[in-house]
Amino acid sequence: MLIKNIDGLSVSQIKELVNRGGKFVIFPYTISFIIMTLKRSSDIYFVRKEENSFKYSYSYVLINFIIGWWGLPWGPIYTIGAIYNHIIGGKDVTAIVLSELIQNDPEADTSTYNINIENNQTYNIPRN
């Protein structure tokens, strides 16, 4: 999945924006055919505290209203759940995304990690 709306930001800047109230969200949507219903999710969007998530989710709301309802019995059920997620601002996946970004941060100082796997399996990872 792509992460949208973080262009040019470092991981430390993203962490600061999250601490100020930003969040990572996905927007579920439903595609229904008469006998088949598919649940899907959008790419991941970073929504700053001062932003309204509707500007990212409106196209997925339209997909739900236009082609989400038609599969029986799951189309209406999944569509209502997806629309509920849009009303509350999207499904929050901040913890998962932030964890992944921190683990793969190229600017992180990993020199303090004392990992000696060969001899006695010692892991000395500092707590933050």
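That block above? That's the structure.
The present account deals with the structure reproduced in this document. All figures in this text were calculated on a predicted structure; none of them were measured in a lab.

Let's talk about the pairing of strand E5 (residues 44-47)
Right, so step 1: Residues Ile44 and Phe46 of E5 are buried on one face, and the alternating residues Tyr45 and Val47, pointing to the opposite face, are buried as well.
Right, so step 2: Bridge analysis of strand E2 (residues 23-26) against E5 gives 3 bridges, and the strand direction is antiparallel. The partner of Lys23 across the bridge, within E5, is Val47.

As for the packing of aromatic side chains
Right, so step 1: This structure, assessed with the given rule, holds 7 aromatic pairs.
Right, so step 2: A centroid spacing of 5.6 Å and a plane angle of 50 degrees characterise the contact between Phe27 and Tyr45, whose relative ring orientation is tilted. Remark: Tyr45 occurs in strand E5 and Phe27 occurs in the loop between E2 and strand E3 (28-33); sequence separation between them is 18 residues. Summarising the burial analysis for this pair, Phe27 and Tyr45 share the class buried.
Right, so step 3: Taken together through their ring pairs, the aromatic side chains of Phe27, Tyr29, Tyr45, Tyr56 and Tyr60 make up a single cluster.
Right, so step 4: Over the face of the ring belonging to Tyr78 we find Lys39, whose NZ or CZ atom lies 4.7 Å from the ring centre.

Basis of the calculations
Residues numbered from 1 in each chain as written. Predicted model: local features only at pLDDT ≥ 70, side-chain atom pairs only at ≥ 80, totals over all residues. Heavy atoms only, no water. Buried < 20%, exposed > 50% of the residue type's maximum accessible area, 1.4 Å probe, protein only. Helix = DSSP H or I, 4+ residues; strand = E, 2+ residues; numbered from the N terminus. Pairing = 2+ DSSP bridges. Phe/Tyr/Trp six-rings, centres within 6.5 Å; stacked < 30°, edge-to-face > 60°. Lys NZ or Arg CZ within 6 Å of the ring centre and 35° of its normal.

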